[in-house]
Amino acid sequence: MKLMIPYFSAPICFAENVLNTLVVENQKLFREIVADISQQIAKWEGKIVLSEEDEPIPMAGNVEMLQSYLDLDLNQKNLLNKVQAILEKTAVDEAHYLETQAAVERYNSKLSFACPADIECGKLTVSNVLKMAGIHFTQILSDPLENLYQYMTLVRELDKDKLFVFVNLRSWFLDKEVESFMQTTLLHKFNVLLL
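Residues numbered from 1 in each chain as written. Predicted model: local features only at pLDDT ≥ 70, side-chain atom pairs only at ≥ 80, totals over all residues. Heavy atoms only, no water.

Visitor: Tell me about the overall build of the protein chain, and name the residues and values.
Guide: Each helix and strand in the protein chain was counted, giving seven helices and eight strands. For 195 residues, the compact-globule formula gives about 16 Å, and the C-alpha radius of gyration of the protein chain, at 22 Å, lies well above that figure. Taken over the C-alpha atoms alone, the protein chain extends approximately 75 × 35 × 30 Å along its principal axes. Looking at the protein chain residue by residue over its 195 residues, the buried ones come to 36%. (Helix = DSSP H or I, 4+ residues; strand = E, 2+ residues; numbered from the N terminus. Rg over C-alpha atoms; globule rule 2.2 N^0.38 Å. Buried < 20%, exposed > 50% of the residue type's maximum accessible area, 1.4 Å probe, protein only.)

As structure tokens, then:
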């Protein structure tokens, strides 16, 4: 994976055991780079080019840019939807299908007894039951960098490998904390850009 920023002559190449840091001291240029990446994640046009095997790929769906680290919420809609899809698939697979159907029918039967007439709950599906359950990730970690690592892991496992762009991460944490976090990301082969 490579990131070509037109203001610089060489691309930023992401490879194993390489930590990429881009220090931009010109505030206007820094703002333009962050805005360009942000706009492209939102599916707008931009000047910066992300490529894989020398073929341009969209930033939307391939880049996660984080700018706030103390209130990181693991419960992103796209990740929760992917968890729900996994649970739905498991609920109706060969090993669980009969148990799932029996549970849904039992629940349906209990609901119908409360009504003075015979009814059917035709829309009671595993998907609807899971939506009603309000599934979410628990965040019990008090360390924001641990939450950040957990988020990166969830993105990788539930979606795909992405480029993680951290804006001003070193402004939020001690150098030794950032170094330890970066060692963890390198060990797990995440694509990271410190901006």
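The rest of the description comes next.
Visitor: Got a sec to walk through the sheet that holds strand β3 (residues 20–21)? Specific residues and values, please.
Guide: If you walk across this open sheet you meet the four strands as β3-β8-β7-β6, and the pairing is parallel. The outermost strands of the open sheet, each flanked by one partner alone, are β3 and β6 (63–66). Sheet analysis places strand β7 (residues 163–166) next to strand β8 (residues 191–194), joined by four bridges and oriented parallel. Bridge assignment links Val165 to a residue of β8, and that residue is Leu193. Those strands touched by helix α5 (residues 144–158) are β6, β7 and β8, and its axis lies near 155° from that of β7. (Pairing = 2+ DSSP bridges. Contact = heavy atoms within 4.5 Å. Axes fitted to C-alpha atoms, helices over the stretch in contact; angles between N-to-C directions.)

Visitor: Tell me what's going on with the packing of aromatic side chains, and back it up with residues and numbers.
Guide: The geometry of an aromatic ring pair comes down to the distance between the two centres and the angle between the two planes. Applying the stated rule across the entire model yields seven aromatic pairs. Plain terms: the ring middles of Tyr69 and Phe173 are 6.2 Å apart, the flat faces sit at 65° to each other, and that makes the pair edge-to-face. Linking Tyr69 in the loop between β6 and α2 (77–91) with Phe173 in the loop between α6 (169–172) and α7 (175–187), this pair joins segments that are 104 residues apart in sequence. Each ring, one from Tyr149 and one from Phe190, has its centre 6.1 Å from the other, and the planes form 90°; the classification is edge-to-face. Here Phe190 lies in the loop between α7 and β8 and Tyr149 lies in helix α5, a separation of 41 residues in the sequence. Each member of the pair Tyr149 and Phe190 is classed as buried. Taken together, the aromatic side chains of Tyr69, Tyr149, Phe164, Phe166, Trp172, Phe173, Phe181 and Phe190 make up a single cluster linked through ring pairs. (Phe/Tyr/Trp six-rings, centres within 6.5 Å; stacked < 30°, edge-to-face > 60°.)

Visitor: Please provide a residue-by-residue account of helix α4 (residues 126–133), values included.
Guide: Among the residues making up α4, those that are buried are Val126, Ser127 and Leu130. End-on view of α4: buried residues confined to an arc of 100°, all on one side of the axis. The exposed residues of α4 that point more than 90 degrees off its buried face are Lys131 and Met132. Looking at the residues trailing α4, positive phi occurs at Gly134, about 65°. (Arc of directions from axis to C-beta.)

Visitor: Lay out helix α3 (residues 97–113) with the relevant residues and their values.
Guide: Its 17 residues give α3 an end-to-end C-alpha distance of 25 Å, which sits within 8% of 24 Å, the value for a rise of 1.5 Å per residue. Looking at α3, one finds that the buried residues are Thr100, Val104 and Ser112. In an axial view of α3, the angular spread of the buried residues amounts to 100°, which keeps them on one side of the axis. Of the residues in α3, the exposed ones pointing more than 90 degrees away from the buried face are Leu98, Glu99, Arg106, Lys110 and Phe113. Those residues of α3 that are buried lie in contact with α2 and α4. (Expected span 1.5 Å × (residues − 1).)

Visitor: Describe the pattern of salt bridges, with residues and values.
Guide: Applying the stated criterion across every chain yields a total of eight salt bridges. Among the salt bridges present, the one from Asp161 reaches Arg156, with a minimum N-O distance of 2.5 Å. Linked by salt bridges that have partners in common, Glu64, Lys82, Asp159 and Lys162 make up one network. (Salt bridge = Lys/Arg side-chain N within 4 Å of Asp/Glu carboxyl O.)

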